[in-house]
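# Inside the fold
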Amino acid sequence: MASFSDTVRDDGGAVRKPLCPVIISASRATDIPAFYSDWLIGRIRQGYLKWKNPFNGEYSYVSFDKARLFVFWTKNPRPLIDKLEFFDDHGFNYYFQFTLNNYDAERWEPGLPSVQARIDTFLELADKIGKEKVIWRFDPIIVSQMLYPDQVLDRIRDIGDQIHAFTERLVFSFIDVECYRKVKNNLSNLDEAIRDIDLGTMDYLAHGIADLNKKWGLALGTCAEKVDLEKHGIEHNRCIDDRLIIKLFPEDTELMKYLGVDAQQLFLDLDSLPYSYDKIKDKGQRKACGCIQSKDIGQYDTCPHGCVYCYANTNPDQAKDNHLKTNQDSEMLL
């Protein structure tokens with residue numbers, strides 16, 4: 001793997017110091033495991049990638065010199081499964097945020113394999129790397145004029161009954177329509193009205209999930225939700241999670257140092273470790289997000305799954321076109 005920690009000159013001749021993240025998020029903005037695993041491995045071999053800030057249009061260089069952990073966000077990791085040895089061989093840690101919904105009948109996730117195929121992939125991945133490294137996400141929960149809360153719970157039950165022995169955590173969220181202009185615009189093209197879920201229905205769904213979980217015994221959490229569901233045994237999740245990282249990778253001294261945990265402290269209970277979560281919390285995310293600091297390397301408008309609720313795509317057709325135009329050897333996705 002090439003080294004890329006020194007200053008570089010961009011296309012305009014300006015001198016830039018590359019970012020050198022320890023934790024890399026791959027990615028909230030697009031499905032890198034499903035579509036861009038070859039690109040990512042190629043960039044790791046080169047030692048860096050180029051990233052465009054979607055809010056101000058500025059470019060940054062991201063070096064892999066200090067990278068110790070990849071958090072993979074995906075709805076279809078199958079293309080990456082047989083390539084994980086690359087990350088193992090290069091000493092990278094990783095775990096997966098695996099979104100496994102069931103909106104097949106509604107065609108709300110038209111670019112995905114069938115739900116049963118994705119369940120099979122979930123089982124294969126967990127069997128390969130360990131269930132503690134594969135987090136199940138049902139994200140987002142959607143109800144509509146034609147899809148009632150009890151029907152959603154039935155679908156969650158069907159998936160959970162098949163995969164609960166292959167994971168340790170279920171994370172869910174409720175669809176956000178009004179918060180994201182892209183989501184609202186894309187949903188406006190549907191014949192079926194999808195709206196934000198009211199608090200009463202959120203509570204009903206949370207109670208139903210907690211009831212299902214009596215059989216499964218999973219840790220439950222919500223992703224970036226303000227609503228308090230602790231009475232149902234559901235916490236505010238940290239998807240890029242210092243607690244999980246300490247549990248999974250305590251032998252990685254550089255990663256522990258980044259979190260502020262001394263090797264001599266690792267015999268302590270997690271709740272007793274004298275490090276500051278507030279110091280490493282990612283201030284750049286939504287206020288209700290519990291994630292710790294990482295660098296996301298994805299680009300908006302590059303995921304061709306075509307999910308109707310996606311906040312990262314302006315429209316699905318543009319995302320498909322951008323995917324087809326992507327050069328897997330390029331220093332940036334788009």
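Located above this text is the structure these notes cover.
Read on for a plain summary of the structure. (Residues numbered from 1 in each chain as written. Predicted model: local features only at pLDDT ≥ 70, side-chain atom pairs only at ≥ 80, totals over all residues. Heavy atoms only, no water.)

A few words on the overall build of the chain. Across its full length, the chain holds 12 helices and 12 strands. Its C-alpha atoms give the chain a radius of gyration of 20 Å, within 12% of the compact-globule value 20 Å for 334 residues. Reported as C-alpha extents along the three principal axes, the dimensions of the chain are approximately 55 × 50 × 35 Å. Counting every position in the chain, which comprises 334 residues, the buried fraction comes to 53%. For the chain, restricting intrachain contacts to residue pairs at least 6 apart in sequence, the fraction spanning at least 24 positions comes to 71%. (Helix = DSSP H or I, 4+ residues; strand = E, 2+ residues; numbered from the N terminus. Rg over C-alpha atoms; globule rule 2.2 N^0.38 Å. Buried < 20%, exposed > 50% of the residue type's maximum accessible area, 1.4 Å probe, protein only. Contact = heavy atoms within 4.5 Å.)

The next thing to look at is helix 6 (residues 149-163). Between the first and last C-alpha of helix 6 there are 21 Å, a value that for 15 residues agrees with the 21 Å anticipated at 1.5 Å per step. Those residues of helix 6 that sit buried are Val152, Leu153, Arg155, Ile156, Ile159, Gly160 and Ile163. The arc that holds every buried residue of helix 6, seen down its axis, measures 160°, which confines them to one face. (Expected span 1.5 Å × (residues − 1). Arc of directions from axis to C-beta.)

Inspection of the entire model under this criterion finds 21 salt bridges. Linking Arg68 and Asp252 is a salt bridge whose minimum nitrogen-to-oxygen distance equals 2.8 Å. Within this pair, whereas Arg68 is found in the loop between strand 5 (59-63) and strand 6 (69-74), its partner Asp252 is found in the loop between helix 9 (242-248) and helix 10 (253-259), the two being separated by 184 residues in sequence. Under the relative-accessibility criterion, Asp252 is labelled buried at 7%. With a shortest N-O distance of 3.0 Å, Lys247 and Glu168 are connected by a salt bridge. Within this pair, whereas Lys247 is found in helix 9, its partner Glu168 is found in the loop between helix 6 and strand 9 (169-174), the two being separated by 79 residues in sequence. (Salt bridge = Lys/Arg side-chain N within 4 Å of Asp/Glu carboxyl O.)

Core analysis: the largest hydrophobic core is formed by 72 residues, its most contacted members being Leu40, Phe70, Phe87, Trp136 and Ile141. Phe87 has contacts with Leu40, Ile41, Ile44, Phe70, Phe72, Leu80, Phe92 and Tyr94, leaving out every residue within four places of it along the chain. Formed by 28 residues, the second largest nonpolar core is a distinct cluster that contains Trp73, Ile135, Phe249 and Ile280. (Core = buried A, V, L, I, M, F, W, Y, C linked by side-chain atoms within 4.5 Å.)

Examined against the element boundaries, Asp296 turns out to sit in strand 12 (residues 295-296). When its relative accessible area of 14% is taken as the criterion, Asp296 is described as buried. The residues contacting Asp296, other than those within four sequence positions of it, are Ser25, Ser27, Arg28, Ala29 and Trp51.

The next thing to look at is the environment of Pro274. For Pro274, the location among the structural elements is in the loop between helix 10 and helix 11 (277-280). Counting along the chain gives 33 residues from Pro274 to Asp241, while the straight-line C-alpha distance between them is 16 Å. The contact partners of Pro274, leaving out residues within four places of it in the chain, are Gln265 and Leu268.

So, about the sheet that holds strand 8 (residues 134-141). Sheets are built from strands paired through backbone hydrogen bonds, the pairs being either parallel or antiparallel. Reading across from one edge, 11-10-9-8-7-6-3-12 is the order of the 8 strands in this open sheet, with parallel pairing throughout. Each end of this open sheet is capped by a strand with a single partner; those strands are strand 11 (234-236) and strand 12. Strand direction decides the pairing type here: strand 7 (residues 93-99) and strand 8, joined by 4 bridges, are parallel. Its bridge partner lying in strand 8, Thr99 is registered against Arg137. Docked against the sheet, helix 8 (residues 199-216) engages strand 8, strand 9, strand 10 (219-222) and strand 11, running at close to 170° with respect to strand 9. (Pairing = 2+ DSSP bridges. Axes fitted to C-alpha atoms, helices over the stretch in contact; angles between N-to-C directions.)

Residue position: Arg155 is located in helix 6. Given the relative accessible area of 16%, Arg155 is considered buried.

The interhelical angle for the contact between helix 5 (residues 115-129) and helix 6, taken along N-to-C directions, is 30°, at an axis separation of 10 Å. Here helix 5 lies roughly parallel to helix 6, going by the angle between them. Both helix 5 and helix 6 take part in a crossing whose hand is right-handed. For the pair formed by helix 5 and helix 6, the contact residues are Val115, Gln116, Ile119, Phe122 and Leu123 on the first element and Ile159, Gln162 and Ile163 on the second. (Parallel < 35°, antiparallel > 145°, perpendicular 65-115°, else oblique. Left-handed = near helix turned anticlockwise from the far one by under 90°.)

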